[in-house]
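Analysis of the macromolecular model
Take a look at the letters that make up each chain.
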Amino acid sequence: MTSIALSGGTAVTNSAPFYDYNDDVIYVGDDGGTLHKVTNAFLGTPAEITGGGAASGWPQAVNSGHVLTSPVYDPASQNVFVASGQLSGGHRLIRIPATGGSSNVQSFTAGLTTGASSAVADAPLVDSQAAKVYVFVNDSPTGSGAAILQVPTNFISTTTPAQQLLGQASGTVTNVLYDGAFDNTYFTSAD
């Protein structure tokens, strides 16, 4: 077993590492809004990538001061997707190329409420074939209850997500909504 101290020394409490099998790379987010990249996860000596500047640098501060969810790497778009904001406001869905670089980061907040009662607690869900990203929120953009938001994998800051409500709001939202999963009908459907 190996333990890796991430640059910045910020704790990681909500982000499970995401392993990219093809490139032997691990992505993980910390509690301060920074996304980290570790190389040689299993095929060498694991080490975090640091440095490189705005064009290709790692780690990347993607939403300073906010807890990040688990990241997801999408090999089709070659982007890493991560969400932020757990019962603290400042929610974002973020995409960054696997090559890194803060000048390449795209994020949007449309549809992600910023109140203390809402949260994005779980990793985005990515459908590489359909080029869609889903994020599960405790409180919808309309404040009508929990919802699933859908955007294309090439979203930009002004993208407005499609929304599917999951239930009615009942005052202050205190339950945490975690990701669902695609079922067999989804995978076998022609649409």
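The coordinates are above.
Residues numbered from 1 in each chain as written. Predicted model: local features only at pLDDT ≥ 70, side-chain atom pairs only at ≥ 80, totals over all residues. Heavy atoms only, no water.

**Some words on unusual backbone geometry**
Despite not being glycine, Asn40 has its phi angle at roughly 55°, a positive value. Residue Asn40 is classed as partly exposed on the basis of its relative accessible area, which comes to 36%. At Ala131, a position not held by glycine, the phi torsion is positive, near 55°. On the basis of relative accessible area, Ala131 is assigned to the partly exposed category, the value being 30%. (Buried < 20%, exposed > 50% of the residue type's maximum accessible area, 1.4 Å probe, protein only.)

**What about the sheet that holds strand 10 (residues 125-127)?**
Paired through backbone hydrogen bonds, the strands of a sheet run either parallel or antiparallel to each other. In spatial order, the strands read 10-11-12-13; together these 4 strands make up an open sheet with antiparallel pairing. Of all strands in the sheet, those with a lone pairing partner are strand 10 and strand 13 (162-165), marking the two edges. Averaged over all neighbouring strand pairs, the angle between strand axes comes to 20°, with direction disregarded. As paired elements, strand 11 (residues 132-137) and strand 12 (residues 147-152) share 6 bridges and run antiparallel to each other. If you follow Val135 over to strand 12, its bridge partner there is Leu149. (Pairing = 2+ DSSP bridges. Helix = DSSP H or I, 4+ residues; strand = E, 2+ residues; numbered from the N terminus. Axes fitted to C-alpha atoms, helices over the stretch in contact; angles between N-to-C directions.)

**Here we look at the environment of Pro124**
In this structure, Pro124 sits in the loop between strand 9 (106-108) and strand 10. Each C-alpha atom of the pair Pro124 and Thr69 lies 8.0 Å from the other, and the pair is 55 residues apart in sequence. Apart from residues lying up to four places away in sequence, Pro124 is in contact with Thr69, Ser70, Val72, Phe81, Val82, Ala83, Leu93, Val133, Tyr134 and Asp179. (Contact = heavy atoms within 4.5 Å.)

**What about the pairing of strand 3 (residues 34-39)?**
Most of strand 3 sits out of view: 5 of its 6 residues are buried. Adjacent in sequence and paired antiparallel, strand 2 (residues 25-29) and strand 3 are bridged by 4 residues, among which Gly33 carries a positive phi angle near 90°. One ladder, built from 2 bridges, connects strand 3 with strand 5 (residues 60-61); its direction is antiparallel. Bridge assignment links Leu35 to a residue of strand 5, and that residue is Gln60. Note that strand 3 and strand 4 (residues 47-48) share 2 bridges and pair antiparallel. Directly across from Thr39, in strand 4, lies its bridge partner Ala47.

This is a description of form; function is not addressed.
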